Amino acid sequence: MGQPEEIVEVHEETPWGLLETSLRSRWRTKLKKNRCSKDCVKRSVISIVPALGWLANYDIKKHLVGDFISGCTVAILSIPQGMGYGVLAGADAIHGLYASFYPLLIYSLLCTSRHVSVGVASVVSLMGGSIVQSLGTEFYTMGPSVGNFGLNSTLESANHTAPHDIPLHFRVQITMAVTLAVGVWQLLLGVFRAGYLAVFLSDYVIKGFTCAAAFHVCSYQLTLILGLRNVRQKNGPLKLIYFYYDLFSQLHSTHVPTLVFSLVCITVLLLARIFITQNPKVTKRLKIPFPTELIVIMVATLVSYLMDLENTYNIKIIKHIPTGLPIPQPPLQSLIPKVFFRSFALAVISSSVVISLGKIFATKHQYKIDANQELIACGTANIFGSFFHCVPASAGLSRSAVQEAAGGSTQLVSLISASIMLTVLLLFGKYLEPLPRACLGAVIMVALLNMLMSVTEVRRFWRVSLVDASIFLVSLCATLFLDMDIGLAVAVFYSLVVFAFRMQYAKVEEIGRVRNTTDRFLSVKKPTVERIPRLKIFRLYGPLYSGNAESFAMKIRKSVSNSSVSTKESPLVLCGKALPEAAPLAQTDGDLEDTILSAGYDETLTSELGEGIPEAKSPNGFLVHAKQGTSVVVIDCSAVSFVDVVGTENLKFLAKDCAKNNLTLAFSGCSDDVRNTLRFSGVVPRSGDEVLSENLSTTQGFCVRPYESKHVRKDKSMFKCGPYQARKIVYKDARIAPGGLSDIRQNEMVTEEGEVVTPWKSLKTSVRRRASDKLRSVECSGEYIRKSVVGVFPIFGWLFHYDIKKNLLPDVISGCTVAILSIPQGMAYGVLAGVESIHGLYASFFPVLIYTIFCTSHHASVGTFSVVSLMTSGIVQTVGTELFIRRNASGYHASNYTDTVMDLKDIPLDIRIQVAVAVTLAVGIWQALMGILRIGYLAVFLSDHLVKGFTCAAAFHVFTSQVSLVFGMKNLKQRNGPLKLVYFYYDFFAQIMTVHVPTLIISCVCIVLLYLTRVMINQNSRVMKIIKIPFPMELIVIIFATLISYYMDLEGAWGVSIVKNIPTGLPAPHVPYYAIIPDILGRTFALSVVASSVLISLAKIFATKHRYKVSANQELIANGAGNIFGSFFLCIPTTGALARSAVQEAVGGATQLVSLVSAVIILVVLLALGKFLNPLPRACLGAIIMVALINMLKGVLEVKKLWKVSLIDASIFMVTLLATLLLDVDYGLAIGVLYSLLTFAFRMQYGKVSVLGKVRGTEDEVRPVEDPTVDEFAGARVFRLYGPLYSGNAEAFISKIRRAMTPVPGAARVASSYLTPVPEAEIPVEPASNGSVESNAGFEPDLEANAHTGVTRRPSTADQRRNVSTVVDGDGIHAEATSLKPLSVIVIDCSTINFVDVVGAENLQSLGRECKKKEIKLALVNCSEPVYNTLVLSGILSFVPRDNFYKSVTEAVEHLLPSDHDRL
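Residues numbered from 1 in each chain as written. Predicted model: local features only at pLDDT ≥ 70, side-chain atom pairs only at ≥ 80, totals over all residues. Heavy atoms only, no water.

Regarding the overall build of the protein
Phase 1: In terms of regular secondary structure, the protein is built from 59 helices and 25 strands.
Phase 2: Within the span of the protein, comprising 1464 residues, buried residues form 58% of the whole.
Phase 3: Summing over all exposed atoms, the protein offers an accessible surface of approximately 61400 Å²; the carbon and sulfur share of this is 62%. (Helix = DSSP H or I, 4+ residues; strand = E, 2+ residues; numbered from the N terminus. Buried < 20%, exposed > 50% of the residue type's maximum accessible area, 1.4 Å probe, protein only. Areas by Shrake-Rupley, 256 points an atom, 1.4 Å probe, with all protein chains shown as cover.)

Structure representation (structure tokens):
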């Protein structure tokens, strides 16, 4: 018997340790590489100033003539564009010409692109002009204190000021500040290497945005073309609608001479565009573009001068263009904070345009660009230009295209163009003063025709992918109807949500084994596939994260519960050691249908599985267990890219459920990242790999049937488990066979003739089928009616079957306990919400009645909640200030409340109540809409770590809001907006001497009593076992504080603030102040999301614990209906509260009868006992809130657990926490959600790519080539991407394949690696002189760095035994210096690709086009139906023949490789 192979012990580290190791390695390599040498200094200087690199090697004979002609042509284009876009940017024409000169000088020195032309751009100018208008209006209406104009205006006029009404010098100052802010943002993005962020502005987002922005630009040119001078430009949402309303209402005032002149210019430009510029015959003869715009401007200027159009026909002209260069001066410092954050969207758009254009031309001309260096160059150019009165500069598509078409090959073109612009500025500027402004409007409108025509792109998107088409339409409509910056934010957010939604519904299938094979595993739906006895194997295609973890675990529970499981049996399912070589695999006593083998486990391991395991010794000494049904649940993680903390928590719950049913949860095919996450989180023990198998072949060792033993390979590697054993990645069966579609014709998206149906037709078919199924299910029967009624009113479902003997007493006791908690919390949170304590009591009664009728949760207690009340108070404060100003507009000037809001106590109570009630109504409307539209699933995007970070920070905000009550500081005002906590505590410590000592003493006594009771009684398990229910210390404190305040007259004698007025009885119902609903509807969205997510999370927690189902959508409808109903009775917004719900469940409450009992007790308090609480000190309520928040504040310690499991999830927690603390509650939530979605997209962007080869001695088994038993295909290279192929990673993935297409002598093997964001468009790397590939990444030759987690891995021992020299290519991917035949076939295994979007399909088409040119065959293998349909509809068949779609990798290689090729 041979000795088993030695298993290397792996030292476990934390994620932080792995990252630290990786950083040290990279820095060490960087330091070794950057030694103090002449070449190193030269490279460093050129990397900072790339112009020195190409100037030193400039080929005068080859490039000078082309660059000169191109430079002159670009300058001719820049003159009219600069003048037109300068006016569009809110300044004057001369400032556009400045932007076509100064930024070019800096950009040409620092950039890496050879063809991008920087200067004015339409969209950037329009966005800059919007900022100039809004900010100029804001300061212009504030009077001499800010604007120095000597004019005042009311707040209502702020949205009606036209740009030309603001003095030019002030518009120029704002423009300079905007240009500086944009430059600073771009420079920061470049310095912090954030150029890869441009990939999230996908093609359909950019096209939708630019099309809508072009419509904005053209709309505002209509005033120039029609000669209308009194049309005011609006700001904010729906501004285009308001603009066109004013335009049509003043259409009768059109200035006819201006209109005629404009139409003549437009006609000439259009005719020249059709018959000259877009005529291929003419352009071939001209060689360079015909300068129609410049000729029109020159002729229009001459006509205007000779005919004196201004005085004769009253046509508006430019009038003043100064000659010479401006004196440099810094932008106004006081404006920079005002424009800094407003300029972020503008900086992002400008950066994405520069990077996108740079990549396009770099790919076409085969050179590299650095996206981060482009950002630095553009940012530095804008910063420099801001000192010379420039508008923001960006890349111009038309100028860049002309520069390349005219023969420009270097940035000398920009320098020549700048020289010509300098001549114009010094000598010819004054001659353009008579130019009519209508001519500039005509030039801009005609120039934007191509951008406007991009609306037709929706047809292409619609045909390929409805999801991508929806992103385009959302981007287009949001930008049109809202505003450009808001539209861009909505589009990016929607695209991220759609991406997460696609991954949320990632495919899950049960896997079985193909008959008569041992290593082929496919879906059990295949007729040739059988389930492995006593094993249930599930495969998830995509990440396991907060969006799909719960549904994935539920699918497994449902599938396992439907199988025959013997809960009385405890099978042994672990496979941790290699079997001896000579051990027969299925020799057992008796005729056993199922045999489970396990080698060499000690008693400790057996005891962990549970006692009483029936055992039988086989002749070879292995444990044998004969069981029926499912014994092992295996999750195949070969296609799982990552697992987050929420995913691990769901796996823990699943493992516990399996253990209760005597099942074992095992994992197969885990990547290093997934394996480490499972260990760090405690899902898998760190001490061993008992429940981790390397592949599904190893998993078979768990359960082997006797008659299958002859098919099992007897080599020990099949059963070996270990972290560094090469994993077998199992591919799924393809639906597509070579040359036909017979396997997928049953799919509804493919016709009998094999033609692919468009997504729209498929959607209509699906909707019709579902509607018909729904109609068939409708029947006129009592049972159906009963189910329908219970579906709408779930209360009838449990009320008619209520078990009085079992549940009545616990429900009554629980209801009384919850009521006792609700009284103090309701009063305290009513004050916290900005109204009176009585409104908190109302909210504990009225909404509860409605929620009880409609809810599906048995344990959620609805009422007031601290975070919701805090967010309500913020809205009450801001909107209440606006209402107060409107009510007293005649006595208050708008500038008094521009930057700050009034303190809550300064706003009249009736206004505060009106706003709070309207907020309750708006929140209810949002929740009801979300429930009716069935989008309750969106709550999953508020992951556990995000919610904990948010609630912890929000609790600190609540805690801070009670400081003034606890310390009795009446002059301490609440701040609003970002950094309000910093300002508040600054004011607090500045006024610390004004503390009211009697109030502070009362507060301290209450806090001590409450805290001691909490620690020594309610959180003491021994005491709680005796008293059973929590001790109601809050209610006792309120009672005694009220009595003491009444008998000692604390208000009159000691000046202690008291509640004072609590009305007795119920309020009369009245309609909320609906006039302000439009003003607060948008502001309450975040509040409704928080309230909904808290309630759904609570409901799911208790439903999982008590084994019943809840409907997230029904919960939203119930809470929304409760809030809508409560708004008619002066209630504040409500949601589920963790403390009350936990008490309700702990005391024994089993149904929502608890809520009804609680409501009855609250009703008694409202009707009879409310007036007795008038003397209650407000400090007592503040103390109750502070102590109640202790557990939420302790949530900050959660970061320690997250840090040990996942640095990314810990960063989500910290970003949400800090953003909520430093900014504000609503801003913090928005940033947390956006950052969470970005990190999710980043993880997918770093998707793993494997290069596959064939396992020796097998016919069709493929695995990653880092396995020493795998040989790569000679003449072919097979790639597999784990995850979707979408806009975030498509370019990086295709770039990796392009490198493989380049003939590199000595590159035989490429190991699996992780995609990195591609900040540079590059051609395949040329080989170095020694035959290896030069390293551009700076990694050591003997180390492979994992970009995803920082894990480093040494070359395998098998590589060392074969004495193969390892080199590193441009991605840090290892290659072996062995001989290889020319590459003739590229195969992409699509088995683990969830979906392909339009950008991914276009990149595959581009790859197919290149393969055609290089005569390389491209094949796609294992495409699922959605992936195949998307590719076919995008036009892939033009480059990849239908015959090149195969169902297995080996089949593709065998068919496509030439017959004389050596396959292996």
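Here we look at the packing of helix α11 (residues 256–277) against helix α20 (residues 437–447)
Phase 1: Running from N to C, α11 and α20 point in directions that differ by 35°, and their axes come no closer than 9 Å. Where α11 crosses over α20, the two elements pack in a sense that is right-handed. Residues T258, F261, S262, C265, I266, L269, L270 and R273 of α11 lie in contact with α20, whose contacting residues are A438, C439, A442, V443, V446 and A447.
Phase 2: A per-class count over the contact of α11 with α20 returns 11 nonpolar, 2 polar and 1 charged. (Axes fitted to C-alpha atoms, helices over the stretch in contact; angles between N-to-C directions. Left-handed = near helix turned anticlockwise from the far one by under 90°. Contact = heavy atoms within 4.5 Å. Nonpolar A, V, L, I, M, F, W, Y, C, P; charged D, E, K, R; others polar.)

Remarks on the pattern of salt bridges
Side-chain pairs of opposite charge can arise where the charged atoms are in close proximity.
Phase 1: One pass over the structure, following the stated rule, counts 22 salt bridges.
Phase 2: Between E510 and K536 there is a salt bridge, and its shortest N-O distance comes to 3.1 Å. Of this pair, E510 sits in strand β3 (residues 508–514) while K536 sits in strand β6 (residues 535–540), placing them 26 residues apart in sequence. Taken as a pair, E510 and K536 share a single burial class, namely buried. (Salt bridge = Lys/Arg side-chain N within 4 Å of Asp/Glu carboxyl O.)

Thoughts on the pairing of strand β24 (residues 1417–1421)
Phase 1: Most of β24 sits out of view: 4 of its 5 residues are buried.
Phase 2: Running through helix α57 (residues 1398–1413), the crossover from strand β23 (residues 1385–1389) to the neighbouring parallel element β24 is right-handed.
Phase 3: Pairing geometry for β24 and strand β25 (residues 1445–1446), over 2 bridges, is parallel. Counterpart to L1420 in the pairing with β25 is F1445. (Right-handed = clockwise from strand over helix to strand, strands pointing away. Pairing = 2+ DSSP bridges.)

Observations regarding the confidence of the model for the protein
Phase 1: Averaged over every residue, the pLDDT of the protein is 77; residues scoring 70 or more account for 79%.
Phase 2: Confidence over residues 1–12 falls short of pLDDT 50; this stretch has 14 contacts with residues more than four positions distant or in other chains.
Phase 3: Across residues 1304–1309, where pLDDT falls below 50, the model places 26 contacts with residues more than four positions away in sequence or in other chains. (pLDDT = per-residue confidence, 0-100.)

Re a positive patch on the surface
Phase 1: Taken together, the side chains of R463, K761, K764 and R768 make up a positively charged region of the molecular surface.
Phase 2: Top contributing element to the positive patch by residue count: helix α30 (residues 759–777), with 3 residues.
Phase 3: As for its position among the elements, R463 is in helix α22 (residues 457–464).
Phase 4: Its relative accessible area of 45% is what places R463 among the partly exposed residues. (Patch = residues over 30% accessible without salt bridge, like charges linked within 9 Å, V, L, I, M, F, W, Y side chains within 5 Å. Lys, Arg positive; Asp, Glu negative; His and termini not counted. Charge placed at Lys NZ, Arg CZ, Asp CG, Glu CD.)

Notes on the packing of aromatic side chains
Phase 1: The final tally for this structure, using the stated rule, is 40 aromatic pairs.
Phase 2: Here the aromatic rings of F499 and F1395 are separated by 5.9 Å at their centres, their planes lie at 70°, and the arrangement is edge-to-face. Of this pair, F499 sits in helix α24 (residues 484–504) while F1395 is found in the loop between β23 and α57, placing the two residues 896 residues apart along the sequence. F1395 matches F499 in its accessibility class, with the two residues each being buried.
Phase 3: Here the aromatic rings of F1125 and F1129 are separated by 5.1 Å at their centres, their planes lie at 45°, and the arrangement is tilted.
Phase 4: Over the face of the ring belonging to Y367 we find R114, whose NZ or CZ atom lies 4.2 Å from the ring centre. (Phe/Tyr/Trp six-rings, centres within 6.5 Å; stacked < 30°, edge-to-face > 60°. Lys NZ or Arg CZ within 6 Å of the ring centre and 35° of its normal.)

Quick word on helix α55 (residues 1290–1301)
Phase 1: A rise of 1.5 Å per residue sets the reference length of α55, with its 12 residues, at 16 Å; its end C-alpha atoms lie 17 Å apart and thus fit the reference within 8%.
Phase 2: For α55, the tally of buried residues reaches 11 of 12 residues, placing the bulk of the element in the interior.
Phase 3: Among the residues making up α55, those that are buried are A1290, A1292, F1293, I1294, S1295, K1296, I1297, R1298, R1299, A1300 and M1301. (Expected span 1.5 Å × (residues − 1).)

Observations regarding a nonpolar patch on the surface
Phase 1: On the surface, I1039, F1040, L1043, I1044, Y1046, Y1047, M1048 and W1054 cluster together into a nonpolar patch covering about 930 Å² of accessible area.
Phase 2: Considering every element that reaches the nonpolar patch, the biggest residue donor is helix α43 (residues 1033–1048), with 7 residues.
Phase 3: Along the chain, F1040 falls in helix α43.
Phase 4: Residue class for F1040 comes out exposed when judged on its relative accessible area of 52%.

Let's talk about the pairing of strand β14 (residues 1248–1255)
Phase 1: Burial analysis of β14 places 8 of its 8 residues in the buried class, which makes it a mostly covered element.
Phase 2: Judged from the 3 bridges that link them, β14 and strand β15 (residues 1262–1264) form a sheet pairing that is antiparallel. By the bridge assignment for β15, K1254 is matched with V1262.
Phase 3: Hairpin connection between β14 and β15: a loop of 6 residues separates the two successive antiparallel strands, and G1257 in this loop has a positive phi of roughly 85°.
Phase 4: In the sheet, β14 pairs with strand β16 (residues 1270–1271) via 2 bridges, with the strands oriented antiparallel. Directly across from K1254, in β16, lies its bridge partner D1271.

Here's the deal with the environment of L88
Phase 1: With respect to the helices, strands and loops of the structure, L88 is situated in helix α4 (residues 60–88).
Phase 2: By relative accessible area, L88 is classed as buried at 11%.
Phase 3: Expressed as a C-alpha distance, the spacing of L88 and G441, which sit 353 residues apart in the sequence, is 9.1 Å.
Phase 4: Each residue touching L88, except ones within four places of it in the same chain, is listed here: S122, S125, L126, G129, V217 and Q221.

Quick look at helix α27 (residues 645–660)
Along an α-helix, residues three or four apart share an orientation, since each turn contains 3.6 residues.
Phase 1: For α27, spanning 16 residues, the distance from its first C-alpha to its last is 23 Å, which sits close to the expected 22 Å at 1.5 Å a residue.
Phase 2: Three or more residues of α27 are buried, namely V645, V646, G647, T648, N650, L651, L654, D657 and C658.
Phase 3: For α27, the capping residue at the N-terminal end is D644, with a side-chain oxygen 3.3 Å from the backbone nitrogen of V646.
Phase 4: Following α27 by one or two positions, N662 has its phi on the positive side, about 55°. (Polar contact = N/O pair within 3.5 Å; in protein donor to acceptor, adjacent residues only side chain to side chain.)

Regarding the environment of H216
Phase 1: By secondary structure assignment, the location of H216 is in helix α9 (residues 203–226).
Phase 2: Classification of H216 by relative accessible area gives buried; the value is 0%.
Phase 3: Taking C-alpha positions, H216 is 7.9 Å from L126, a pair spaced 90 residues apart along the chain.
Phase 4: With residues near it in sequence (within four places) discarded, H216 still touches L126, K239, L240, T479, L480 and M484.

Quick word on unusual backbone geometry
Phase 1: A positive phi angle, close to 50°, is found at D308, a residue other than glycine.
Phase 2: In this structure, D308 sits in the loop between α13 (292–307) and α14 (309–313).
Phase 3: Within the chain, L1130 stands out as a residue other than glycine whose phi angle is a positive 60°.
Phase 4: Assignment of secondary structure puts L1130 in the loop between α47 (1112–1127) and β13 (1135–1136).
Phase 5: Looking at L1130, the relative accessible area reads 15%, which means it is buried.

So, the side chain of Q373
Phase 1: Its place among the elements puts Q373 in helix α17 (residues 371–386).
Phase 2: Judged by relative accessible area, which is 8%, Q373 ranks as buried.
Phase 3: Within polar-contact distance, the side chain of Q373 engages the backbone oxygen of L110 at 2.8 Å.

Focus: the environment of V524
Phase 1: Along the chain, V524 falls in the loop between β4 (521–523) and β5 (529–530).
Phase 2: When near neighbours in sequence (up to four residues on either side) are disregarded, V524 contacts E510, I511, G512, V529 and R531.

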